Structure formats: C-alpha cells, structure tokens
Amino acid sequence: MSDERDESHRVKYFGPRDLANGWQLDRVEQLLNQEPYNIVKTINDALEVLNVCRFIEGGILPQTYGDGESEAASAWKNQGKAAVARFFNLLVDVEPPAAGWKIYFEYRTELLGELERARAFEKIPAEKLLPSLEATGLSLRDFLSSKPLVNNYQTRIRDQILSDPQHAEMLIDKLLGEKRKRELHVPTNITSSEKRELLESYIRHERAHPNYVALIARASTSTELGIDPKLKLLAKRRQKQLTDDLFANGRAITSGAEVSLSRNQVSPVEMEMQGAVACYSYGESWLNSSLDRPSVLNNFQYLFEFADEHSILQAPSYANDLGVIERVIGVTGKRDYPTGIAFGAKEASATLQCQIYEKYLEAEGIELESVIEWFFTEYLAEEFDATGFTFEPSPSTASHLTRVRHLFAEMEGVINQFRLFVDDGEIDFELLSVSAEAASFAQVPSLVERKYLYAVEGEPVQVCAHLLFSDQSRINYISEDRQASSFAQLLLHERLVASDFRDDQRSAISFLVDHRIIKEQNGRLQFASLGTLKLLRQLFTHEAASYYWLTENSRAIADEWLQAGWLNQQQTLLTTAESRYFNYVLNRTQFDNGPELRNKYVHGAQARNQDPSEHYATYSTALRLIVMIAIKINDDFRQFYG
C-alpha cells in the first residue's frame, strides 16, 4: 500500500494562521469535488483526506463558497473521516512491509495518530511494526509522543532510551522540561537507578547540551527521577565548563549593554546598537541639574526607563520580548522563568545604569539609600499624609555582603508596611512584628480598586491584540514589498483595502472589523479608534493596563470590555508580570532558574571566598529592586489621591 506519486502536491494543515493555507485551497477544492471513498487508496491518500477535514474544521475554505458549499464540505468531512478510519482498520490486519511504508514526509507523525485509533499497537507485535515505522523516518522522540505505542511496547522503547546517553534529552524534556504541545511519554519500567545512570552518562557526554545540563543542575532532588545532590553538583560544574568552552571558541553571540557618562553631551541620553549590544550614554550636564532627591528617583523612571509613563515596570520578561526561535525551540524547564536575549540585555543595562548612577551620586556626596529613606519617611508623609513608614539605610562603611542582607530585610519591611497601610490606613508596628512573614509579591494589595486590567485568554481582546501586534500574526504579510513586523505597523504605513489580503487572511480582517478595532472607510482599512489601539497595545506589550492612566476614551472602551467579560481587573500593587519578576530574582516560590538572591543572602548560602564583585552586583540589584518598589508605591498613592 505504498504511493509512488510525487508528494509535493499533498495538502497539509499547519494551523489556522499558517501562510501556506491560501495557496493550498485549490488542491482542497479539487479533493472536495471527489468522493472520499474514491480518493483513499493509499496511506498518503488517507492522511491527505484527514488534512482536508482539518481545513474544513478550521473554516478555511475557498472564498467563493457560499452556505450550500460549506454545508456540503461539512458532509464531506464526515464521510472523509469514516473513509480514513475504515482504511486504517483494514491496514492493521496486513503485516507491515519490511522496508516500511512510503510516507509523505509531513505526514509521518500523523501516521502514529491514525495507528493509535486503529489500535495497531495492541494488534501488531513491536518487532514487526517498529522497524516499518523507523523506515518511514520516524524517530524515538516521535515514538515517545504516542502513549499507546509506549504502553504496548515498553520493553523495546525502554531498551532504545537506555542505549544512548543522548537519549537522556528526551527524558529531561519529559521529567524536567516545560510542557509542550507534543507531550512525551516514558516507559514505566525504567527504574530510578537507570534514570540516574543515564543522566550521569549524559552530563559527562562530549555532546551534552549546556541547557539540558542546566535543567538537571536546577532540578529539585527526587529519588523517583534519580536526581540527588551529587548529580546536581556534577551538572552545575559541567554546565560551567560547557559555557566557558562555548565562549572560548567564539561560538556564542555577544549581547548585553554598555553604559557611560559624557561631559560634552547636551541631550540627557543617547542610545545606539552595536551588533546585539545596547550602548547608552548619559549627559553629565543633565545629571548635574537633577541632584535634588525627587529628581534622583525620577531619573530612574524616566531617564533610565525603569517604568513607562503608566508606571508599569520594563524589567519583567514579557512574552513579546522573546524571539520566534526562543519561543519555539528554547530548552526550558517546567518551572523556568522565560528569559531570552532581550531580557538579558534589559537586566544588563539596568544593573549598569544603577551602578554608574550610584557611583556618580556618591561622588556628588549623595547616598542613594538616603534618597530612598527620604522617600519612605518624609516624601510619603508630606505629599500624601502617609505617616509611619520606616526605612533604615545600611551602614556605608559595611561590606557589600552585609549591605545586601540589610537591604533585602528593609525591602520586605516596606512592602509589609505598605500592606498594613492599605488594609488599616495606618502602620501598627506591634501588629507588624507578630504578623511578619516573607513578602508575597503577588498578594501585595493596592489602594486603588480597579488598578490593572488583563485580557482574558481566548476572548476577542486577546485575539485582536495578537492580530494587531504579534510578529506571528497571519496578516502581517501581503507581498515582499508590503510587509511589516506587525499588522498595526503595516496599516500605519500602507494604504490597505480588504481585497489586498488572501482568502485565508480575510477572516482575520473581518474579525477586527466586527469587533470595531478597524473599519472600512471610503474603501480603505483604518483604525477605528486611537483609544482602542493604545489600550490593546498596552495589554499586548506589558500584559496589563493601568486603568487610571488610560485616556477617557480608552477607559470607556475598557469598561465595555469588562462588562463583556473580555477583561479581568485586579487590585494589587504589582502586575502579574511584575510579581513574577520579583519572585524570579529573589526566591524559588515560582521558578527554579532564578538567582534566588534573597534566599541565598538571608540564609547565608554564599560560597566561601566568593568574589566581592559578586556581592556588589547583588547590592546593585537590591538597590534597583527597592527603587522599583518605590516607583510602584508612589504611583499607587498618586492614583488614589489624584
């Protein structure tokens, strides 16, 4: 039952937004004009019919189809699925050819799904079926994606996994990696000692990948998984060796930031990219003119851009910061914070900005910690009548190790003070002393009732934001000379009409029109409202919008979307993304791949003879985290009393 024909014409459904959908519709229509039972002669025929059924289910049909044709396509789909099921039920009763079936490359993994439905793995012995599947090009990873295959062929699959140290990567993906669309399954007959032996062999293997080794190093100890402290330490040391080798051989991409001060620069800040390195230069004339305490803190928000004009922090790793490759093939653990090149550059620049500014202020006789003390103890009382806040600067003569430990304690102190102030309108230090606990950043309340707005997953607001601003939107591209990084950019720079788009793209255009995001005026596509555009942009870029900083027009739209259930609201000091960022940096409550600085310094878990420069780097991080908290608290009071 092989198919000798050229397979380049075969229909393949890659998803509702794929650019290939449009040019495949001619072939889809050609097949819809035939009876499914007459089409299905070979495995490839059957799998192609299955893909046409998916086009129908996704509503991707020729633009010329009316209601009658659409109903006929729906009936064709039911017949097609029945024809495919009948074909595979008959197929499993035939002994697989020794040379394997000839399967169109794109259909290999779909073959497994249909064999599952026909219960082939129960009916055909492993020694007969697995060689045929391997001959089609299916890999061990493909086999692990089929739970029935793994369950029925446990011994054969177990032996294959243990036969090569590099197969440990699949074990790591399953046990430690982030959940992906294609879930892997592991035979239950692999013992914990076998898992440990395989992981150790992988760590020592010459082709071990540093990201997989890092997942082992960060993993929690588990007897079931075969991970103990010795294995974690081995992985940690091996990861360092692999990373050092990578940089030594010049195979790594250099990215990051450079920060400098300029005496001759007139503008407050200048930035240029040198490759993947962001170079910032700050004019000393501006810094010299802004040495008063309010200006010092304002410089962090507006000059160094710690927060945007709505006081939403720039520091977190937002989903749109990740590149396409980082999103698709990055090796991440189940409890990993999503870091990438852009996030690393932001962290590097923010750390350098804080260090160079702190040194500059020190040369001018200003202690940054004293400015922070003024904010909590004087400014809040004078500006908002919020009395009782305390902040004790660390001794300037103390080591950075000592100062870091002190700052982390003071940061938790001001967060808990703010929590009490929101709850009770005052700070009762006796109550604070009996209720003191580690700060839960996600639970710190806000004075403002409707503080942040979030798009509800799967609702029209989230879909519209993706279509407008994502670099993966299906309407970003018309032709080589009419494309942009987002549909919003394309619409801003091009005169567009609905007919410019392919048949499979027009449903997205119609969706935006139906939800009053764009409109057709004089035949042209235009944004329906600037307020709508700004609100969607904020929700997409920072994954939240600050309600009281929205324009009157944007608030009216937000109220409408809240009523419709397309938005959620939250009354917290930090956005969800911001609280996740603080947890990533400071502890292990949510993530395993963070530096857990608060935990390490409060519990004295530093390595002996640790480089003092590392303590200074942590001190700079502690300073900028406290500055961020000050920015958020100031914003909360401004909104409440504004």
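Residue positions are counted from 1 within each chain, in the order its sequence is given. Confidence filtering applies because this is a predicted model: local features only for residues at pLDDT of at least 70, side-chain atom pairs given and counted only at 80 or more, and all residues used for totals across whole chains, interfaces and linings. Only hydrogens and water are set aside; all other atoms, that is, all heavy atoms of the structure, feed into the side-chain values.

(A) View of the packing of helix α1 (residues 21-32) against helix α3 (residues 43-57). All axes are obtained by fitting lines to C-alpha atoms, using only the stretch in contact for helices, and the reported angles, taken between N-to-C directions, cover 0 to 180 degrees. Counting from the N terminus, the helices are DSSP H or I runs at least four residues long and the strands are E runs at least two residues long. Remark: α1 packs on α3, axes separated minimally by 11 Å, with the N-to-C direction vectors making an angle of 115 degrees. Relative to α3, α1 is oriented roughly perpendicular. The handedness of the crossing between α1 and α3 is left-handed. Between α1, through N21, Q24, L25, R27, V28, L31 and L32, and α3, the contact on the second element is made entirely by E48, V52, F55 and I56. Note on residue classes: Ala, Val, Leu, Ile, Met, Phe, Trp, Tyr, Cys and Pro are nonpolar, Asp, Glu, Lys and Arg are charged, and everything else, Gly too, is polar. Counted by class, the contact of α1 with α3 contains seven nonpolar, two polar and two charged residues. Should an angle fall under 35 degrees it is called roughly parallel, over 145 degrees roughly antiparallel, and 65 to 115 degrees roughly perpendicular, with every other angle called oblique. The sense of a crossing depends on the near helix, which, turned anticlockwise from the far helix by less than a right angle, makes the crossing left-handed and, turned clockwise, makes it right-handed. Two residues form a contact once any of their heavy atoms are found within 4.5 Å.

(B) Summary view of the side chain of D592. Note that D592 resides in the loop between α27 (576-586) and α28 (597-602). Under the rule applied, a polar contact is a pair of N or O atoms within 3.5 Å (in protein, one hydrogen donor and one hydrogen acceptor; residues adjacent in sequence only if both atoms are side-chain atoms). In this structure the side chain of D592 is engaged in a polar contact, spanning 3.0 Å, whose partner is the side chain of R588. Leave out the neighbours within four places in its chain, and D592 touches R218 and R335.

(C) How the structure looks around the packing of aromatic side chains. Two rings belonging to Phe, Tyr or Trp (six-membered ring only in the last case) form a pair when the distance between their centres is within 6.5 Å. Interplanar angles under 30 degrees mark stacking, angles over 60 mark edge-to-face geometry, and anything in between is tilted. All chains considered together, the criterion is met by 36 aromatic pairs. Ring geometry for F304 versus Y357: centroids 5.1 Å apart, planes at 70 degrees, classification edge-to-face. A residue pair is termed long-range when its members are at least 10 positions apart, and F304 in the loop between α16 (293-303) and α17 (324-329) and Y357 in helix α18 (residues 341-363) qualify at 53 residues. Among the residues examined, F304 registers a relative accessible area of 5% and is labelled buried. Exposure categories follow from relative accessible area, calculated using a 1.4 Å probe and restricted to protein chains: below 20% of the type maximum is buried, above 50% is exposed, and the middle band is partly exposed. Given the relative accessible area of 1%, Y357 is considered buried. One aromatic cluster is present, built from ring pairs that chain together W374, F375, F376, Y379, F384, F389, F391, F418, F421, F637, F640 and Y641.

(D) View of the confidence of the model for the protein. As a per-residue quantity, pLDDT reports the predictor's confidence and falls between 0 and 100. Chain-level statistics for the protein give a pLDDT mean of 89 and a share of 94% at 70 or above. A low-confidence stretch, residues 1-5 stays under pLDDT 50, and its non-local contacts, those more than four residues away or across chains, total 13 contacts.

(E) Fine view of the pattern of salt bridges. Salt bridges are counted wherever a side-chain nitrogen of Lys or Arg sits within 4 Å of a carboxyl oxygen of Asp or Glu. Enumeration according to the criterion identifies 32 salt bridges in this entry. A salt bridge links E183 to K174; its shortest N-O distance comes to 3.2 Å. With relative accessibility at 40%, the residue E183 sits in the partly exposed group. Taking the shortest distance from any N to any O, the salt bridge between K240 and D244 comes out at 2.9 Å. Taken together, the residues K240 and D244, both in helix α14 (residues 229-248) and four residues apart, mark about one turn of the helix. Since its relative accessible area comes to 55%, K240 is described here as exposed. On the basis of relative accessibility, which here comes to 39%, the residue D244 falls in the partly exposed class.

(F) How the structure looks around the pairing of strand β4 (residues 452-455). As judged from the two bridges shared by β4 and strand β9 (residues 545-546), these two strands associate in the antiparallel manner. Across the sheet, residue L453 finds its bridge partner in β9, namely A545. A pair of strands is treated as paired once DSSP finds two or more bridges between them. Here β4 runs beside strand β10 (residues 567-570); their pairing, made up of four bridges, is antiparallel. Residue Y454 lies in a different strand from β10, and its bridge partner there is N568.

(G) Molecular detail of the sheet that holds β4. One open sheet accounts for three strands, arranged β9-β4-β10; its pairing is antiparallel. Two strands close off the open sheet at either side, each with one partner strand: β9 and β10.

(H) How the structure looks around the packing of helix α7 (residues 126-135) against helix α10 (residues 154-162). At a minimum axis distance of 10 Å, the contact between α7 and α10 shows a crossing angle of 50 degrees. The orientation of α7 with respect to α10, classified from their angle, is oblique. For the pair α7 and α10, contact is made by A126, E127, L130 and E134 and by R156, I157 and Q160, respectively. Here the residues of the contact of α7 with α10 are counted per class, giving three nonpolar, one polar and three charged.

(I) Seen up close, helix α29 (residues 612-641). With 30 residues, α29 ought to run about 44 Å at 1.5 Å a step, and its terminal C-alpha atoms sit 44 Å apart, in line with that. For α29, the buried fraction is high: 23 of the 30 residues fall into the buried class. To estimate how far a helix should reach, multiply one less than its number of residues by 1.5 Å.

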